[in-house]
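Each chain is listed here by its residues.
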Amino acid sequence: MTELWRLTLVEAGQGLRKKEFSALELVEACLERLKATEPLVDACLTVLEEPARRRAAELDAAGWDPQKPLWGLPLTLKDVFCLSGAPTTAGSRILEGWKPPYEATVVKRLKQAGAIIVAKTNCDEFAMGSSTEFSAFKPTKNPWNLQRVPGGSSGGAAASVAARQTPGAFGTDTGGSIRQPAALCGCVGLKPTYGRVSRYGIVAYGSSFDQAGPLARSAADCALLLAATAGPDGLDSTASLHPVDDYVGAAEKKPGELTLGLPRELWEGDFAPETGQTLDEAKRRLTAAGVKLKELSLPSLRFSVAAYYVLASAEASTNLARYDGVRYGRRAPGPEDLRDLYVRSRTEGLGPEVRRRILLGTFVLSSGYYDAYFRKAAQVRRLIQQDWQAALQRCDLLLAPVSSVQAWPLGAFIDDPLTTYQLDMMTLPLNLAGGPGLSLPAGLGADGLPVGVQLLGRAFDEAALLAAGRTLERLLPPVGEPPLAA
Amino acid sequence: MGVDAAAAAALARLVRLELGGGGAGDEALKLIEDFGKIVGYMDILEQADVAGVEPLYSPMIEPLPPRADEPREPGEPSAAESLLAEAPERVGRFFAVPKIL
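This report concerns the structure included in the present document. Every value quoted in this text rests on a predicted model; they were computed, and no experiment measured them.

All right, on to the overall build of chain A then. Looking only at helices and strands, chain A features 16 helices and 11 strands. Computed over its C-alpha atoms, the radius of gyration of chain A comes to 21 Å, within 12% of the 23 Å expected for a compact globule of 486 residues. Sorting the 486 residues of chain A into buried and exposed places 66% on the buried side. The long-range share in chain A, meaning contacts at least 24 apart out of those at least 6 apart in sequence, stands at 77%.

What follows is the structure in structure tokens.
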């Protein structure tokens, strides 16, 4: 029999249902794999070994339950999701040791669906970053090449799934933080429509952008995880009442019935040679299979990076004002007075990228600059949303690269914030527009590193997105398993 | 436009941070330099024609009706205690801070 840690969520679910193995056997296999690979990839911040075993044993004792679509399936959570009784750091020193007294709605729903939380994964501090190098605790390594970044900010989640520590994970995507690490690690990552999944109990970064979603190894697995978590929530006023579709059973179209729009602004940039070659080959395969590719222009996209970093930083500066060393989290020792308590707790507890974005956000919100930057960026955001909606009237879905480069060497851009912001160009427009996007492996470059493409859809039409994802998975070359010596 | 050292220091005061992480002066200089580059890049927004365009502050397309204003079960009696238990410093039922007056 295949090693249990190699199974996808759908495969593992079938095996559990047919009693080919128990939940505990599956969890033990994943824990063993995690222990073997974790010293190489550093994907996790907390491993919940005993709670996972206990939960698996409880599920086994109660027996398989058709009401629980994730029965016995091991998952990880990015360390921004509040999980009762476990540390939640958001990758920051300022939250080190904090145990939230409440639980995120996503976590509650995953548990109710029968999932087993095995670990909490590393991320850039407060999800601000594209490489997971801005975690205050450690950089995560890409399982395809341990000298390279896994992407970010959900880099721990993507590296963990790619290393087969668990078959699925939950992350968050504010500017690409699910789709980009999924692409750089050869996984599948879904950013649902803003408001599709509750944000309650998720450490906030940019509240009009943040959206939780799954990372796994297939679109079908992502559908399973979205189905278990989507829907309104009385604890999050922005969780939409829009009906939840059948993501798992959504009907596929034939390749010949699918028209994908290619936003020119995202395809005409400078690509790293291996990335460009792999993307060209992906397009060639899709065309050969009968998929219609149609070039479109979304002129406002050229303002995406500036608009995003103005708006998201503004929201971050507001959201992160709560970390003051008073009610929870880290307090600097021996403060002279209240101001000193605030300043030193924040300065010592928050890392350089987070401090930079707080300063930037405060700058664009300050009197004299508000109209030139903040308001203007919000106006540009509307143009981007309008361009987006217009483009989607001319095709079924949009198809775009996820990143112009593959995983880069650790440390390559750490001192160059503007360049890393610009690398987010291909993922940010979706968060500005608010729609759903699915990142899929497009193949391996000649350098052995994965390359991703993303399908981008209409708001709340994740069903069509995931169905098309299943079609594309069959047409694009599979990336296989990273050559991880474990 | 750029941001000079005095403007950066004023911003830092507003957000209760020390520039450069309170470490060596070089780190503060690097931060100001990076900041200038980033803000300079943001100036591309000047080229966008947004005359008459309403700002979009949330991408929600559909209106979000508020939920019914119904009383909910109060939290467990231990809820307040579990919040206070995470305080870096407390005095009885209160979060404690250095003396203000």
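That shown, we press on.
A tally of helices and strands in chain B yields three helices and two strands. Partitioning the intrachain contacts of chain B with sequence separation of at least 6 by distance along the chain shows that 38% fall at a separation of at least 24. Here chain B displays about 6,800 Å² of accessible surface, and carbon together with sulfur accounts for 58% of that area.

Residues and elements named next belong to chain A. Look at helix α4 (residues 105–112) against helix α7 (residues 219–229): their axes get within 8 Å of each other, and the N-to-C directions meet at 110°. Judged by the angle between their axes, α4 and α7 are roughly perpendicular. Here Val106, Arg109 and Leu110 of α4 come into contact with α7, specifically with Leu225, Ala228 and Thr229. Considering only residue class, the contact of α4 with α7 consists of four nonpolar, one polar and one charged.

Residue and element names in this part refer to chain A. Tallying each qualifying case throughout the model produces 15 aromatic pairs over all chains. Directly above the aromatic system of Trp5 lies the positively charged group of Arg33, at a separation of 4.0 Å from the ring centroid. Taking NZ or CZ as reference, Arg381 lies 4.1 Å from the ring centre of Phe209, over its face.

With that settled, consider helix α5 (residues 155–162) of chain A. All names here are of chain A. Of all eight residues that make up α5, eight are buried, and the element is covered over most of its length. If you check which residues of α5 are buried, you get Gly155, Gly156, Ala157, Ala158, Ala159, Ser160, Val161 and Ala162. Among the residues trailing α5, Arg164 stands out with phi positive, at a value near 65°.

Residues and elements named next belong to chain A. Most of strand β10 (residues 437–444) is tucked away: seven of the eight residues are buried. Pairing analysis gives three bridges linking strand β5 (residues 188–191) to β10, with the strands arranged antiparallel. Bridge pairing in β10 places Leu190 opposite Leu438. Adjacent in sequence and paired antiparallel, β10 and strand β11 (residues 450–456) are bridged by five residues, among which Gly448 carries a positive phi angle near 80°.

Across the boundary between the two partners, chain B contributes 57 residues, which contact 72 residues of chain A. Roughly 5,600 Å² of surface becomes buried between chain B and chain A when both sides are summed, with 69% attributable to carbon and sulfur atoms. When the area that chain B buries against chain A is broken down by residue, the three leading residues are B:Arg16, B:Leu45 and B:Leu56, summing to 13%. Put simply, chain B and chain A have two salt bridges between them. In this structure, B:Asp34 and A:Arg356 form a salt bridge, with 3.4 Å as the shortest nitrogen-oxygen distance. Within the residue set of the side of chain B that touches chain A, elements represented by two or more residues are α1 (5–14), α2 (25–42) and α3 (78–84) of chain B.

What follows is about the pattern of salt bridges. Residue and element names in this part refer to chain A. Counted by the stated rule, this structure contains 32 salt bridges over all chains. Among the ionic pairs, Arg53 bridges to Glu28, the shortest N-O distance being 2.7 Å. Within this pair, whereas Arg53 is found in helix α3 (residues 49–62), its partner Glu28 is found in helix α2 (residues 23–41), the two being separated by 25 residues in sequence. The class for Arg53 is buried, based on a relative accessible area of 19%. Using a relative accessible area of 28% as the deciding quantity, one classes Glu28 as partly exposed. Residue Arg284 is joined to Glu281 by a salt bridge in which the shortest nitrogen-to-oxygen separation is 2.9 Å. In this pair, Arg284 and Glu281 are both assigned in helix α9 (residues 273–288), three residues apart and thus about one turn of the helix distant. Via salt bridges that share partners, Glu28, Lys35, Glu49, Glu50 and Arg53 belong to a single interconnected network.

Let's shift gears to the sheet that holds strand β7 (residues 259–263) of chain A. Residue and element names in this part refer to chain A. Taken together, 11 strands build an open sheet; the order of strands is β1-β3-β2-β4-β6-β5-β10-β11-β9-β7-β8 and the sheet is mixed. Edge strands, defined here as strands with exactly one partner in the open sheet, are β1 (44–47) and β8 (292–296). Neighbour-to-neighbour, the strand axes of the sheet open up by a mean angle of 30°, direction not taken into account. Examined bridge by bridge, β7 and strand β9 (residues 397–401) share two bridges and lie parallel to one another. In the strand pairing of β9, Leu260 is matched with Leu397. Together, β2 (74–78), β4 (168–172) and β6 (212–216) form the strand contacts of α4, whose direction differs from that of β2 by roughly 180°. Of the strands in this sheet, β7, β8, β9, β10 and β11 are in contact with α9, which crosses β11 at around 50°.

Residue and element names in this part refer to chain A. Taken across its six residues, strand β3 (residues 116–121) has six buried, putting it largely inside the fold. Here β1 runs beside β3; their pairing, made up of three bridges, is antiparallel. Bridging across to β3, Val47 finds its partner in Ala119. Relative to β3, β2 runs parallel, the two being bridged by five bridges. Paired with Thr76 across the bridge in β3 is Ala119.

Turning to α9(A), a few remarks are in order. Structurally, the α-helix is built with 3.6 residues per turn, so residues lying three or four positions apart point the same way. All names here are of chain A. Taking 1.5 Å as the rise per residue, α9 with 16 residues should run 22 Å; its terminal C-alpha atoms sit 22 Å apart, in good agreement. Lining the buried residues of α9 we find β7, α8 (264–267), β9, β10, β11 and α16 (462–475). Where α9 ends, the next residue or the one after it, Gly290, has phi of about 105°, a positive value.

Turning our eyes to something else, we now look at the side chain of A:Thr193. Residue and element names in this part refer to chain A. Turning to its location among the elements, Thr193 is positioned in the loop between β5 and β6. Under the relative-accessibility criterion, Thr193 is labelled buried at 2%. Polar contacts involving the side chain of Thr193 include one to the main-chain amide nitrogen of Phe460, which spans 2.8 Å. When residues no more than four places from it in sequence are discounted, the contact partners of Thr193 are Gln211, Gly434, Gly435, Pro436, Arg458, Ala459, Phe460 and Glu462.

Procedures and definitions
Residues numbered from 1 in each chain as written. Chains lettered and ligands numbered in written order. Predicted model: local features only at pLDDT ≥ 70, side-chain atom pairs only at ≥ 80, totals over all residues. Heavy atoms only, no water. Helix = DSSP H or I, 4+ residues; strand = E, 2+ residues; numbered from the N terminus. Rg over C-alpha atoms; globule rule 2.2 N^0.38 Å. Buried < 20%, exposed > 50% of the residue type's maximum accessible area, 1.4 Å probe, protein only. Contact = heavy atoms within 4.5 Å. Areas by Shrake-Rupley, 256 points an atom, 1.4 Å probe, with all protein chains shown as cover. Axes fitted to C-alpha atoms, helices over the stretch in contact; angles between N-to-C directions. Parallel < 35°, antiparallel > 145°, perpendicular 65-115°, else oblique. Nonpolar A, V, L, I, M, F, W, Y, C, P; charged D, E, K, R; others polar. Phe/Tyr/Trp six-rings, centres within 6.5 Å; stacked < 30°, edge-to-face > 60°. Lys NZ or Arg CZ within 6 Å of the ring centre and 35° of its normal. Pairing = 2+ DSSP bridges. Buried area = accessible area lost by both parts, 1.4 Å probe. Salt bridge = Lys/Arg side-chain N within 4 Å of Asp/Glu carboxyl O. Expected span 1.5 Å × (residues − 1). Polar contact = N/O pair within 3.5 Å; in protein donor to acceptor, adjacent residues only side chain to side chain.

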